[in-house]
Protein chains: 2
Amino acid sequence: MAQQKKIPDIVIKRLPIYYRFLTNLHQMGISRVSSSDLGKKMGITSSQVRQDFFNFGSFGLQGYGYDVEQLRQEIGNILGLNKQRTMIIIGAGHLGQALARHSAFEKEGYSVVGVFDVNPHLVGTKIRDIDIQHVNKISQFCRENKVDIAVITVPRTYAKDVADLVISLGIRGIWNFTSVKLNVPEDVAVENIHLSDSLMTLGYYVKCLHEREEEQEEQEE
Amino acid sequence: MAQQKKIPDIVIKRLPIYYRFLTNLHQMGISRVSSSDLGKKMGITSSQVRQDFFNFGSFGLQGYGYDVEQLRQEIGNILGLNKQRTMIIIGAGHLGQALARHSAFEKEGYSVVGVFDVNPHLVGTKIRDIDIQHVNKISQFCRENKVDIAVITVPRTYAKDVADLVISLGIRGIWNFTSVKLNVPEDVAVENIHLSDSLMTLGYYVKCLHEREEEQEEQEE
DNA sequence: TAGATTGTTAATCGATTAACAATC
DNA sequence: TAGATTGTTAATCGATTAACAATC
């Protein structure tokens, strides 16, 4: 069943946030929520909550609201969390290792099945129970194992080559932690974590706040 | 000089991207660029490029375009990259340590000046040349040192308390790596890196691509 | 039933794109 | 000068918000 009219990316980006808040509610033992309660918690309008869900169907009950656990599962299914996904991490530097050890992803159905690097000091060692293999083993590994997602945590100069490689091996999802913009065919999905960009954005707002403070001090004189 | 009409957040989020592409151009020895060239590289329209810059003034030359290095510096100044910023990292787990060791931030003027944790096995050890101190030393540290940004990489249950603490100590910028939504006063800036959200979003698109592939296979039969 | 809240359409708002006069 | 490209206003597009009939 094909997606009819394309759902805006910005709506998709909000689904994990809904999922997160619904998980919280569920853990707090709350079994029922209205669009306006949920919106208030998340800092958006009730209209937006209902409008977002409307893209996928109708999950609520008029006059009642939403069943927390049911809605959570619906959104989980939309996101595909009901299916197990496998990831390989390419680049076992500080960040790559931290991600490999980050156990939280596993709970959501994402498991790291391989870690690769070029550094001979790392190749052969283990992260948790996974051997770090040399990058030149990636092709073989992907032939022998189903891999859904490649996590790219290599230095920026290698990012493009690594992306091209994993795409050629049939991987359709790339989680890109480098600052490089990856140009990929339309049948490949890329999600970027641009740490530096995020930090610079924060820096801008901090600067603005400092400037505002200085102004206020001047006015007080 | 106060910011006149507020510049949209979405424009601010693009500034680091411009900065990044301009740095690349500069490193490639390219000294001149037009809005349409820059837009093409970044995957946006030339109109948007000009419209974005128009928020801050006029940096170009009609009939010529922009001087790469000059534009880069202008954007750097807007972002406040000309000023040195200090950060403390709270939570020296895998992610916190990886960020502390991530040297790239330093180049952009952000330096880690303190790392804190509660784990007695970590307290007293070093990351690079920085001592890991116990979290109960944060107040004292902030009184004795100017700290611009707090990086929060603690488990989610402690996130709120840590945020409240650093805000009470006068820190105005929070880089939040936990999955918790931090409710902060309006004179505090928060930037979130929600790794799980990003991964789930990627998972959604991977799911869609898989479904599309299956459909195509069916049609071929 | 009366009250509440959804699903869904319509109105508004803001961001992107187009257009073009200004000018290098 | 002629050509190119900006700065800037106007038009379009898309996302958010408001409104309300449907209905639990």
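From a predicted model like this one, the values you see are computed outputs, not experimental measurements.

(A) Examining the side chain of A:Arg14 more closely. Residue and element names in this part refer to chain A. Turning to its location among the elements, Arg14 is positioned in helix 1 (residues 9–27). You can call Arg14 buried: its relative accessible area is 14%. When sequence neighbours within four positions are dropped, the list of residues in contact with Arg14 reads Ile44, Gln48 and Asp52.

(B) Representation of the protein's contact with DNA strand C in the model. Around DNA strand C sit 25 residues in total, of which A:Ser35, A:Phe54, A:Gly60, B:Ser47 and B:Gln51 are the nearest. By atom count, sugar and phosphate contribute 58% of the portion of DNA strand C lying within 4 Å of the protein. Here a phosphate oxygen of DNA strand C sits 2.7 Å away from a polar atom, N or O, in the main chain of A:Gly60. The side chain of B:Gln48 places a nitrogen or oxygen atom 2.9 Å from a sugar or linking oxygen of DNA strand C. Secondary-structure elements contributing two or more residues to the surface near DNA strand C are helix 3 (46–54) of chain A together with helix 1 (9–27) and helix 3 (46–54) of chain B. Per element, the largest residue contribution to the surface near DNA strand C is 4 residues, and it comes from helix 3 of chain B. Its residues placed into classes, the surface near DNA strand C shows 8 nonpolar, 14 polar and 3 charged.

(C) Structural context of the pairing of strand 9 (residues 189–192) of chain B. Residues and elements named next belong to chain B. Residue alternation in strand 9 divides its side chains into a buried set, Ala189 and Glu191, and an unburied set, Val190 and Asn192. Where strand 8 (residues 173–176) lies against strand 9, 4 bridges are found, and the strand directions are parallel. Its bridge partner being in strand 9, Asn176 is matched across the sheet by Asn192.

(D) Seen up close, helix 8 (residues 156–168) of chain A. Residues and elements named next belong to chain A. Over its 13 residues, helix 8 extends 19 Å from the first C-alpha to the last, a length consistent with the 18 Å expected when each residue adds 1.5 Å. Within helix 8, the full set of buried residues consists of Ala159, Val162, Ala163, Val166 and Ile167. Residues of helix 8 that are buried in the fold lie against strand 3 (85–90), strand 7 (149–152) and strand 8 (173–176). One or two residues past the end of helix 8 sits Gly170, with phi positive at roughly 95°.

(E) A look at the relation of the copies chain B and chain A. The transform that puts chain B on chain A rotates by 180° and translates by 0.0 Å along the axis, for an RMSD of 0.0 Å. The symmetry that links the two subunits is that of a two-fold axis. A high fraction, 100%, of the interface residues of chain B reappear at the interface in chain A, so the copies pair face to face through one surface.

(F) Representation of the pairing of strand 7 of chain A in the model. All names here are of chain A. A two-sided burial pattern is seen for strand 7, the buried positions comprising Ile149 and Val151 on one face and Ala150 and Ile152 on the other. Taken together, the 4 bridges between strand 3 and strand 7 define a ladder with parallel strand orientation. By the bridge assignment for strand 7, Ile88 is matched with Ala150. Pairing of strand 7 with strand 8, which is carried by 4 bridges, proceeds in the parallel orientation. Within strand 8, the residue paired with Ile152 across the bridge is Asn176. Handedness of the crossover joining strand 7 and strand 8 through helix 8 is recorded here as right-handed.

(G) Representation of helix 2 (residues 35–42) of chain B in the model. Residue and element names in this part refer to chain B. Ser35, Leu38, Gly39 and Met42 are the residues of helix 2 that are buried. The buried residues of helix 2 occupy an angular sector of 100° when projected down its axis, which confines them to one face. Once helix 2 finishes, Gly43 follows within two positions and takes phi at roughly 80°, a positive value.

(H) Fine view of the pattern of salt bridges. Under the defined criterion, the tally for this structure stands at 27 salt bridges over all chains. A:Arg20 is paired through a salt bridge with B:Asp197; the nearest N and O atoms lie 2.7 Å apart. Of this pair, A:Arg20 sits in helix 1 while B:Asp197 sits in helix 9 (residues 195–220), each in a different chain. Residues A:Arg20 and B:Asp197 agree in their burial class; the two are buried. The network of salt bridges with shared partners includes A:Arg85, A:Lys146 and A:Asp148.

Calculation rules
- Residues numbered from 1 in each chain as written.
- Chains lettered and ligands numbered in written order.
- Predicted model: local features only at pLDDT ≥ 70, side-chain atom pairs only at ≥ 80, totals over all residues.
- Heavy atoms only, no water.
- Helix = DSSP H or I, 4+ residues; strand = E, 2+ residues; numbered from the N terminus.
- Buried < 20%, exposed > 50% of the residue type's maximum accessible area, 1.4 Å probe, protein only.
- Contact = heavy atoms within 4.5 Å.
- Near = heavy atom within 4 Å.
- Polar contact = N/O pair within 3.5 Å; in protein donor to acceptor, adjacent residues only side chain to side chain.
- Nonpolar A, V, L, I, M, F, W, Y, C, P; charged D, E, K, R; others polar.
- Pairing = 2+ DSSP bridges.
- Expected span 1.5 Å × (residues − 1).
- Least-squares fit on C-alpha atoms with pLDDT ≥ 70 in both.
- Right-handed = clockwise from strand over helix to strand, strands pointing away.
- Arc of directions from axis to C-beta.
- Salt bridge = Lys/Arg side-chain N within 4 Å of Asp/Glu carboxyl O.

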